[in-house]
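Each chain is listed here by its residues.
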Amino acid sequence: MDLIVKRPYGTRDMVPAQAYKWHTVEKLAMETAEQYGFKEIRFPTFEETKLFKRSVGDATDVVQKEMYGVFAQSTENGKDEDGFTLRPEGTAGTVRAVLENGLLNEAMPQKVYYIISCFRHERPQAGRLREFHQFGAEMFGSDSPAADAELIAMAKGFMDRLGISGVELFINSIGCPVCRKQYHAALKAYFEERKDNLCDTCKGRLDKNPMRILDCKSPVCSGIAKDAPVILDFLCDECREHFEKLKENLSVMGIEYSVNPKIVRGLDYYTKTVFEFVASDIGAQSTICGGGRYDGLVEQLGGPKTPALGFAMGLERLIMTMENQGCDFIPEKKCDLYIASMGEAAAKKALSLAKELRDEGFWVEYDLMGRGLKAQMKYADKIGAAFSMVIGDNELENNGANLKNMRTGEQIPLRFDDGFIENFSNIVVGDMFSDTMNNI
RNA sequence: GUGGGUAUAGCGUAGUUGGUUAACGCGUCAGUUUGUGGCACUGAAGAUCAUCGGUUCGAAUCCGAUUAUCCACCCCA
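Positions within a chain are numbered from 1, following the residues in the order the chain's sequence is written. As they are written, the chains are lettered A onward and the ligands numbered 1 onward, keeping that order. With the structure being a predicted model, the display of local features is reserved for residues of pLDDT at least 70 and the display and counting of side-chain atom pairs for 80 or more, all residues being used for whole-chain, interface and lining totals.

> Before we move on, can you summarise the overall build of chain A with the specific residues and values?
Numbering goes from the N terminus for both helices and strands, where a helix is a DSSP run of H or I of at least four residues and a strand is a run of E of at least two. Of regular secondary structure, chain A possesses 15 helices and 16 strands. Buried residues are those with 20 or more other C-beta atoms within 10 Å of their own C-beta, exposed residues have 12 or fewer, and partly exposed residues lie in between; C-beta atoms are placed from the backbone. Burial analysis of chain A (440 residues in total) assigns 35% to the buried set. Any pair of residues counts as being in contact when their C-beta atoms, constructed from backbone geometry, are within 7 Å of one another. If you take every contact in chain A between residues at least 6 apart in sequence, the share linking residues at least 24 apart comes to 69%.

And the structure:
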């Protein structure tokens with residue numbers, strides 16, 4: 001095929017055979033979020049670039065090299081120096097929208113969730129796309145470790161509902177600005193002594209963000225990092241207590257976790273708790289959920305000092321995991337009735353019957369291809385119609401037709417008179433019931 | 001930004017040391033006589049073998065470049 005345009009690199013088309021899987025995930029995400037009292041929030045796909053620089057962090061990779069589609073703002077309101085950017089994540093936009101709409105004046109905690117697409121200009125690979133989708137949740141107002149635990153529980157509960165297993169939860173605390181500063185100093189001193197052996201990127205990290213070196217995959221660096229000072233030893237009393245309480249709460253809820261001091265997160269706004277859920281079977285990009293607390297961000301964006309926290313899940317990675325593990329998706333709905341017709345008068349009858357039944361909420365189809373009876377029946381089978389009905393001269397004359405159960409082959413006479421809808425729906429709904437009973 | 005791999009109908013693949021009409025499965029469409037799908041059978045449509053250039057009497061096959069795409073690094077969901 002020689003199309004004049006192909007889809008942009010790193011994007012995916014969601015064809016019907018794939019889209020129904022997304023419906024499952026989206027539906028269960030919404031249901032789960034609502035069980036925990038989260039309400040959906042929607043916000044623009046693009047924001048002023050400044051928002052991401054201020055929140056995600058000027059020095060992060062996401063802002064420095066992955067900002068996708070930065071484009072000029074029209075000059076009408078004069079704030080044009082940074083233009084707009086397609087959102088690389090959801091927290092920044094959520095916080096902005098929550099503040100701008102005064103949601104923090106409502107009952108606390110304020111809990112919102114979203115299902116969005118995000119954009120990052122990276123080289124695509126397994127589990128990483130330039131346009132990808134997230135299910136995220138954010139909570140504002142609570143500084144209690146119970147909130148951290150609740151959020152983690154919700155993420156876990158959601159994955160359980162999807163039928164995903166074998167996902168490991170790692171937690172860590174990266175402290176507050178006060179204790180982190182001390183830790184940074186100690187860490188820097190440690191790496192400074194061993195500077196010559198570090199890889200080139202890590203040498204650069206030494207000044208900007210020494211914690212990143214802990215995360216380095218290079219065997220040499222990770223060897224050095226193994227004996228580096230651990231953040232948990234530097235936490236101030238408040239941060240330490242917060243972390244201890246979180247662990248207690250997780251244990252009470254029966255959620256298994258490992259403390260992993262190397263979890264750092266690449267976004268600047270995190271404080272105290274950070275966590276990741278990691279899958280083992282979807283390739284190198286295995287973090288399917290990441291999140292943490294960001295107690296300073298609301299204030300940093302011009303709002304009142306408000307503790308907050310959240311997580312985001314990668315929907316593509318989630319679905320990939322489900323596929324690998326053979327998890328069930330909610331099956332696609334099937335056509336309730338296919339009306340096959342022979343002759344022009346019968347075709348008209350099909351039209352009016354279909355209209356009546358569709359008004360009652362049924363999925364009804366009839367021939368649009370000018371096919372013969374046999375071909376119409378074949379089509380009915382292909383689309384998975386539960387019932388079919390043939391209308392020809394005889395049926396018109398008798399004012400009734402046989403309703404054929406495509407699964408059993410059974411044919412039931414049905415009249416086109418006043419009781420038509422009611423009789424039809426009794427048969428069809430009854431069959432749907434017995435079908436589900438059979439499956440159980 | 002840095003590596004490595006791949007490129008043949010809508011999808012999945014075969015194509016032997018270069019040799020003439022590029023094969024197969026799935027899918028699509030139409031038939032297998034008279035008003036009924038699934039199974040089987042028959043047939044049809046559908047590919048300038050990613051593109052451009054080179055080697056050769058001859059290239060899907062060898063070489064080069066380009067493009068696309070995949071995986072990995074980096075980073076993250």
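Back to the write-up after that little detour.
> Lay out the sheet that holds strand E14 (residues 387-391) in plain terms, naming residues and giving numbers.
Note on sheets: strands pair through backbone hydrogen bonds, and any given pair is parallel or antiparallel. On the basis of which strands lie adjacent, the open sheet formed by five strands has the order E13-E12-E14-E15-E16 and mixed pairing. The open sheet has two free edges, formed respectively by strand E13 (364-366) and strand E16 (411-415), since each of these has just one partner strand. Pairs of neighbouring strands in the sheet enclose a mean axial angle of 25°, with direction left out of account. Between the N-to-C directions of two axes lies an angle of 0 to 180 degrees, each axis being a line fitted to C-alpha atoms and, for a helix, fitted only over the stretch in contact. Contacts from helix H12 (residues 344-359) reach strand E12 (337-341), E13 and E14 within the one sheet, and its direction differs from that of E12 by about 165°. Running over the sheet, helix H13 (residues 373-382) touches E12 and E14 and is turned about 170° from E12. By the convention used here, strands pair only if DSSP detects at least 2 bridges between them.

> Go over helix H11 (residues 315-325), please, and point to the residues and values.
In an α-helix, one turn spans 3.6 residues, which is why side chains three or four residues apart end up on the same side. Of all eleven residues in H11, eight are buried, a share of seventy percent or more. Listing the buried residues of H11 in full gives Leu 315, Glu 316, Arg 317, Leu 318, Ile 319, Met 320, Thr 321 and Met 322. On the buried face of H11, the contacting elements are helix H1 (16-35), strand E6 (131-140), helix H5 (145-162), strand E10 (287-293) and strand E11 (308-314). A positive backbone phi angle near 65° is found at Gly 326, which sits one or two residues after H11.

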